[in-house]
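Structural description and commentary
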Amino acid sequence: TGDKSSNPYVAFNGKLRNKQAILVEALSTMHFQTIEAVYIQKFSILFWMGDYDKAVEASDTAISFPSAKMPKVALIYHMFYRGIAAFHLYREGSGEKWLKEGNDIKEQMEIWVKNSKILFENKLLLLEAEYCASMGKVVLARESYKFSIKVARDNGYVHEQGL
């Protein structure tokens, strides 16, 4: 539209015009946190578009950097959504590695839920439902999905009720 207020890159005073320019700049300066952030954003977009294969490719790149080991809020959601994608890819026949990865992420949520039940309980329940669905335990999966929705609603996570 030409309206500078609608251009999120205007804050960079013309130095960085778009996401690709940010990535090129970050790669040239080895600014790992920025590179990781660009790939996490790409993962999130692809996840919500339902393109789990490309989403996990972006995720693989994001988690390959040392900055990915540092705890941060984005890591919680990244791992949660990656777990959902992993179980989905397993059910689609993409290999046993995805079942293992989904389980590994579910186990991480089991640790995190001990530290903050309100934040992690519905996420863990959803990953457990995904695991049950992957194992063909339809009734148990259905109950876990329903309970995850209830816990998400009770804790105010409207955006996670629809997952």
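Since this is a predicted model, take the numbers as computed values, not measurements. (Residues numbered from 1 in each chain as written. Predicted model: local features only at pLDDT ≥ 70, side-chain atom pairs only at ≥ 80, totals over all residues. Heavy atoms only, no water.)

1. Here we look at the overall build of the protein chain
- In terms of regular secondary structure, the protein chain is built from 8 helices and 0 strands.
- Mapped in sequence order, the helices and strands of the protein chain form the string α-α-α-α-α-α-α-α.
- Intrachain contacts of the protein chain at a sequence separation of at least 6 include 48% that bridge at least 24 residues.
- Summed over its atoms, the accessible surface of the protein chain is roughly 9500 Å², and 58% of this surface lies on carbon and sulfur atoms. (Helix = DSSP H or I, 4+ residues; strand = E, 2+ residues; numbered from the N terminus. Contact = heavy atoms within 4.5 Å. Areas by Shrake-Rupley, 256 points an atom, 1.4 Å probe, with all protein chains shown as cover.)

2. Structural notes on the side chain of Asn103
- For Asn103, the position within the fold is in helix H5 (residues 96-115).
- Judged by relative accessible area, which is 18%, Asn103 ranks as buried.
- Apart from residues no more than four positions distant in its own chain, Asn103 is found in contact with Phe87 and Tyr131. (Buried < 20%, exposed > 50% of the residue type's maximum accessible area, 1.4 Å probe, protein only.)

3. Here we look at the nonpolar core
- If you look at the biggest cluster of nonpolar residues, it comprises 37 residues, and the most contacted ones within it are Phe47, Phe80, Ile84, Met109, Trp112 and Leu127.
- Secondary-structure elements contributing two or more residues to this core are helix H1 (19-29), helix H2 (32-48), helix H3 (52-62), helix H4 (73-91), H5 and helix H6 (117-134).
- If you tally residues by element for this core, the top one is H4, at 11 residues.
- Among residues more than four places away in sequence, those in contact with Trp112 are Leu75, Ile76, Met79 and Phe120. (Core = buried A, V, L, I, M, F, W, Y, C linked by side-chain atoms within 4.5 Å.)

4. Concerning empty space enclosed by the protein
- Across all of its chains, the model carries 1 cavity of 30 Å³ or more by this definition.
- Approximately 30 Å³ is the volume found for the largest cavity.
- If you go around the largest cavity, the residues you meet are Glu36, Ile40, Ile63, Ala68, Leu75 and His78.
- Taken together, the elements giving at least two residues each to the lining of the largest cavity come down to H2 and H4. (1 Å grid on protein atoms, 1.4 Å probe; cavity = no way out; pocket = protein on both sides within 12 Å on 5 of 7 lines; lining within 4 Å. Points joined across faces, edges and corners; volume = space filled by probe spheres on them.)

5. Thoughts on the layout of surface pockets
- Estimated volume of the largest pocket: approximately 160 Å³.
- Ile63, Ala68, Lys69, Leu75, Met79, Arg82, Glu101, Ile105, Gln108 and Trp112 together form the lining of the largest pocket.
- Only H4 and H5 provide two or more residues apiece to the lining of the largest pocket.
- Its residues assigned to classes, the lining of the largest pocket shows 6 nonpolar, 1 polar and 3 charged. (Nonpolar A, V, L, I, M, F, W, Y, C, P; charged D, E, K, R; others polar.)

6. Examining the pattern of salt bridges
- Following the criterion strictly, the structure yields 8 salt bridges and no others.
- Between Lys100 and Asp104 there is a salt bridge, and its shortest N-O distance comes to 2.8 Å. Here the residue Lys100 and the residue Asp104 both occupy positions in helix H5, the gap between them amounting to 4 residues, near one helical turn.
- Residue classification places Lys100 among the exposed positions, given a relative accessible area of 53%.
- With relative accessibility at 36%, the residue Asp104 sits in the partly exposed group.
- One salt bridge in this structure joins Glu110 and Lys106, with 3.4 Å as the shortest N-O distance. Separated by 4 residues within a single helix, Glu110 and Lys106 lie in helix H5, roughly one turn from each other.
- Using a relative accessible area of 12% as the deciding quantity, one classes Lys106 as buried. (Salt bridge = Lys/Arg side-chain N within 4 Å of Asp/Glu carboxyl O.)

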